[in-house]
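Chain and residue survey
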Amino acid sequence: MISAEQNEFLTRTGPRTPMGDLFRRYWIPALLASELPEPDCAPVRVSLLSEKLIAFRDTSGRVGLMNELCPHRGVSLWFGRNEENGLRCPYHGWKYDVNGNCVEVPSEREDFCKRVQVKSYPVEERAGVIWTYMGPPELRPELPSFEWMELPASHVYLSKRWQESNYLQALEGGIDSSHVSFLHSGDLGRDPLHKGTAGSKYALSTKTEFDVMDSAGGLLIGARRPAEEGQYYWRLSQWMMPWYTLIPPYKGNALNGHAWVPMDDENCMAWTMTFHPTRPLTDEERALMDAGHGVHPILVPDGSFRPVANRDNDYLMDREAQKAKVVYSGIKGIAIQDSSLQESMGPIADRTNEHLVSTDKAIVMARAKLRKSALEVQEGGTAPGLDAAGQRVRSASFILPVDEPFRDTALEAQQVRIGEPFVAV
Ligand code: FES
Ligand SMILES: [Fe+2]
């Protein structure tokens, strides 16, 4: 349980909030590169940290990300005409380039437009993602170097879904490894991208104990369950600042991670990255992920990234499947199992009435680290986890004798060795 003030502090990420200032020190995954598939394609609305933006790809292929509203009289540039290296407002024809410079105001003298500027942010296109940096220009870090960003496109599958909740309850779901044995238990035996491994059997045990370590980038989280006699099954997940989590793998399957990116205080974008360090993902795996298996969603095909199963249709709850324990919560699909419950907490979860227990240890530590980092940035300090040391880590799963310490094996297993196998059972 935390105070109302602490909850406000952690969940507000708009301009001039402490958490918003912290998050503006990191590169942010803004949109999939495929959302702007070709030069002069349609512009796309983007919401990040309570700022409404517009993204477009110009005639030369460059991407711009700028304030959504035209500086003339505030029309949304989503209606804009994308033409000849600029986005033209359809109301009175003012035109802007990818850097937000006004390049033409048809009604005025030529030099008038030099005084007009749309606020814009720098972008980089890397690993299928258009990244942006919304912080002080002089503090702009290197692009992150997560493992999935270093692999060939053939080894990676990306998706994103709009979640109608604050980012923090979504991130906490990614950190909370104990809910897997309940909420996702039906899928461990059934989902084609999870079933049939030793790990998926042991992960069903609800006797979870945690060993959580502070790490360079965030937290290294060990969850221990009984395996065969005299052994523990360990699942190692990662939280990397500010909003990235890695799911422990099941042998033979790819690795999975998420980014929980605030759109505004009551909505976030849940990104999912599936990647295999040593082989391309197969056509079958891609088809399964397209169809909502693994940890990916099925989306309404309207560009909103809203899942087909959403709050308006009670997430297609199936009470028969729930009763039969075919699907533990009655909601199909791991991604929607998470979103349904996390959205049910309300747009911003009230943390003043919680009853936290030992399995919530990593969540408590993550909140403390977020708060501390935001306070340090307010006092002129640097944000943690900006360098490669904090980003080049892996999740893992392994079995150890009960008397063998987790930490040594974990520190070894989390090392990223590009192109080399990861540790999984
Ligand atoms: S409102 Fe955009 S040109 Fe007038
Ligand atoms: Fe989950």
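Residues numbered from 1 in each chain as written. Chains lettered and ligands numbered in written order. Predicted model: local features only at pLDDT ≥ 70, side-chain atom pairs only at ≥ 80, totals over all residues. Heavy atoms only, no water.

Quick look at the domain arrangement of the chain now. In many analyses, interface size is given as the accessible surface area lost on bringing the parts together. Domain boundaries in the chain define domain 1 (27-139) and domain 2 (147-413). Here domain 1 and domain 2 have C-alpha centroids that lie 33 Å from each other. Across the boundary between the two partners, domain 1 contributes 17 residues, which contact 14 residues of domain 2. Each partner contributes to the roughly 1300 Å² buried at the junction of domain 1 and domain 2, and carbon and sulfur atoms together form 70% of this total. At the junction of domain 1 with domain 2, the criterion picks out 1 salt bridge. Across the pair Lys160 and Glu35 runs a salt bridge whose closest N-O atoms are separated by 2.9 Å. Linking domain 1 to domain 2 there are 4 residue pairs in polar contact (both at pLDDT 80 or more). Counting only elements with at least two residues in the side of domain 1 that touches domain 2, the list comes to strand S1 (27-32), strand S2 (44-48) and strand S11 (129-133). Broken down by element, the residue count for the side of domain 1 that touches domain 2 peaks at 6 residues, all from S1. Considered class by class, the residues forming the side of domain 1 that touches domain 2 number 11 nonpolar, 3 polar and 3 charged. (Domains from an automatic or database assignment. Contact = heavy atoms within 4.5 Å. Buried area = accessible area lost by both parts, 1.4 Å probe. Salt bridge = Lys/Arg side-chain N within 4 Å of Asp/Glu carboxyl O. Polar contact = N/O pair within 3.5 Å; in protein donor to acceptor, adjacent residues only side chain to side chain. Helix = DSSP H or I, 4+ residues; strand = E, 2+ residues; numbered from the N terminus. Nonpolar A, V, L, I, M, F, W, Y, C, P; charged D, E, K, R; others polar.)

Turning to the coordination of the iron ion (ligand 2), a few remarks are in order. Protein-derived coordination of the iron ion (ligand 2) comes from His179 (NE2), His184 (NE2), Asp338 (OD) and Asp338 (OD), at a distance range of 2.1 to 2.4 Å. Note that the iron ion (ligand 2) binds 4 donor atoms; their angles at the metal cover 57 to 150°, and the shape is irregular. Donor residues binding the iron ion (ligand 2) come from one chain and are separated in sequence as H-x4-H-x153-D. Note that His184 is positioned in the loop between helix H4 (167-175) and helix H5 (185-190) and Asp338 in helix H9 (residues 334-344), a separation of 154 residues in sequence. (Donors = N, O, S within 2.8 Å, 3.2 Å for Na, K, Ca; no water. Tetrahedral: all angles 85-135°; square planar, octahedral: opposite > 155°, others 65-115°.)

To continue, consider the sheet that holds strand S10 (residues 123-126). The sheet built from 3 strands is open, its strands ordered S1-S11-S10 with antiparallel pairing. Either end of the sheet is taken by a strand with one partner, and the two such strands are S1 and S10. The average angle at which neighbouring strand axes cross in this sheet is 35°, direction not considered. Sheet analysis places S10 next to S11, joined by 4 bridges and oriented antiparallel. Residue pairing across strands places Val123 opposite Thr132, the latter belonging to S11. (Pairing = 2+ DSSP bridges. Axes fitted to C-alpha atoms, helices over the stretch in contact; angles between N-to-C directions.)

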